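Here are the chains, one letter per residue:
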Amino acid sequence: MTLMVAGYGVLLAAALRVAWVDCRRLRIEYETLACAAVACGCLRVAGDGPAGAGLAAGFALAGTGIVACAVRLGLLRRPGDGDWPLLAVCLFLGADEVLVFATVLGIAGLCMSALWSLRRRKPLFRSRFPLAPPALLAAVTAFVVRHDMSGGSW
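Residues numbered from 1 in each chain as written. Predicted model: local features only at pLDDT ≥ 70, side-chain atom pairs only at ≥ 80, totals over all residues. Heavy atoms only, no water.

Caption draft 1: Inspection of the overall build of the protein at higher detail. Secondary structure summary: the protein contains 5 helices and 0 strands in total. Traced from its N-terminal end to its C-terminal end, the protein shows the element sequence α-α-α-α-α. The C-alpha atoms of the protein give a radius of gyration of 16 Å, which matches the 15 Å a tight globule of 154 residues would have. For the protein, the spread of C-alpha atoms along the three principal axes comes to 50 × 30 × 30 Å. Looking at the protein as a whole, 41% of its 154 residues qualify as buried. In the protein, of all internal contacts separated by at least 6 residues, the share reaching a separation of at least 24 is 69%. If the 15 positive side-chain charges of the protein are averaged to one point and the 9 negative ones to another, these points end up 15 Å apart. (Helix = DSSP H or I, 4+ residues; strand = E, 2+ residues; numbered from the N terminus. Rg over C-alpha atoms; globule rule 2.2 N^0.38 Å. Buried < 20%, exposed > 50% of the residue type's maximum accessible area, 1.4 Å probe, protein only. Contact = heavy atoms within 4.5 Å. Lys, Arg positive; Asp, Glu negative; His and termini not counted. Charge placed at Lys NZ, Arg CZ, Asp CG, Glu CD.)

Caption draft 2: How the structure looks around a nonpolar patch on the surface. Judged by side-chain polarity, Leu110, Leu118, Leu124 and Phe125 come together as a nonpolar surface patch covering roughly 420 Å² of accessible area. Within the element layout of this structure, Phe125 appears in the loop between helix 4 (98-120) and helix 5 (132-145). (Patch = residues over 30% accessible without salt bridge, like charges linked within 9 Å, V, L, I, M, F, W, Y side chains within 5 Å. Areas by Shrake-Rupley, 256 points an atom, 1.4 Å probe, with all protein chains shown as cover. Salt bridge = Lys/Arg side-chain N within 4 Å of Asp/Glu carboxyl O.)

Caption draft 3: Highlighting a positive patch on the surface. Taken together, the side chains of Arg24, Arg119, Arg120 and Lys122 make up a positively charged region of the molecular surface. Here Arg120 is to be found in helix 4. Look at Arg120 and you get partly exposed, because its relative accessible area is 40%.

Caption draft 4: The environment of Ala70, seen in detail. Here Ala70 is to be found in helix 2 (residues 30-72). Overall, Ala70 belongs to the buried group, its relative accessible area being 15%. Leave out the neighbours within four places in its chain, and Ala70 touches Leu75 and Leu76.

Caption draft 5: Local environment of helix 2. The first and last C-alpha atoms of helix 2 sit only 24 Å apart over 43 residues, clearly below the 63 Å expected at 1.5 Å per residue. At Asp48, helix 2 shows its maximal kink, close to 125°; a proline, Pro50, follows between one and four residues later. Residue Gly74 follows helix 2 closely and has a positive phi angle near 85°. (Expected span 1.5 Å × (residues − 1). Bend = angle between axes of the 7 residues up to and from the residue.)

Caption draft 6: A look at the pattern of salt bridges. Under the criterion given, the structure shown has 4 salt bridges. Here Glu29 and Arg17 are joined by a salt bridge, their closest N and O atoms 2.9 Å apart. Pair noted here: Glu29 is in the loop between helix 1 (2-25) and helix 2 and Arg17 is in helix 1, with a separation of 12 residues, a long-range link. Here Glu29 falls in the buried class, since its relative accessible area comes to 10%. Ionic pairing is found between Asp48 and Arg44, a salt bridge with its closest N-O pair at 3.4 Å. One end of the pair is Asp48 and the other is Arg44, both in helix 2 and 4 residues apart, which spans about a single turn. Within this structure, Arg44, Asp48 and Asp96 form a network of salt bridges that share partners.

And the structure:
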């Protein structure tokens, strides 16, 4: 139980650090993102077993591949270089609750885009913005929601 709480603490601290650095410098800090991925992997293995962690990793790779194909076909704009590993880690976190992940990401992404456009004095929703804050908010929310917190057993 204590290790699970520590794992969640490390995951939350790493997610906050990656989001903060992305807002300040417009770049993804790979070392901290890797720390979040390892914490998530450990929590997944402890909670779901190796098979559940492998399934979530496969989902993350498949989802990242689908986005890469959409970018290649011109259906989506090319994200920043650091957003590719960020996307994979966020899909790994949100693999079990995709609907929660997509809903929170959509709402938080729209809010972040609007705030960034207003801050930069550009037309609304026409400014590129840091992806880490809304993406990690959505991913961590989806990861935490998948556990029944009221039962006390994780």
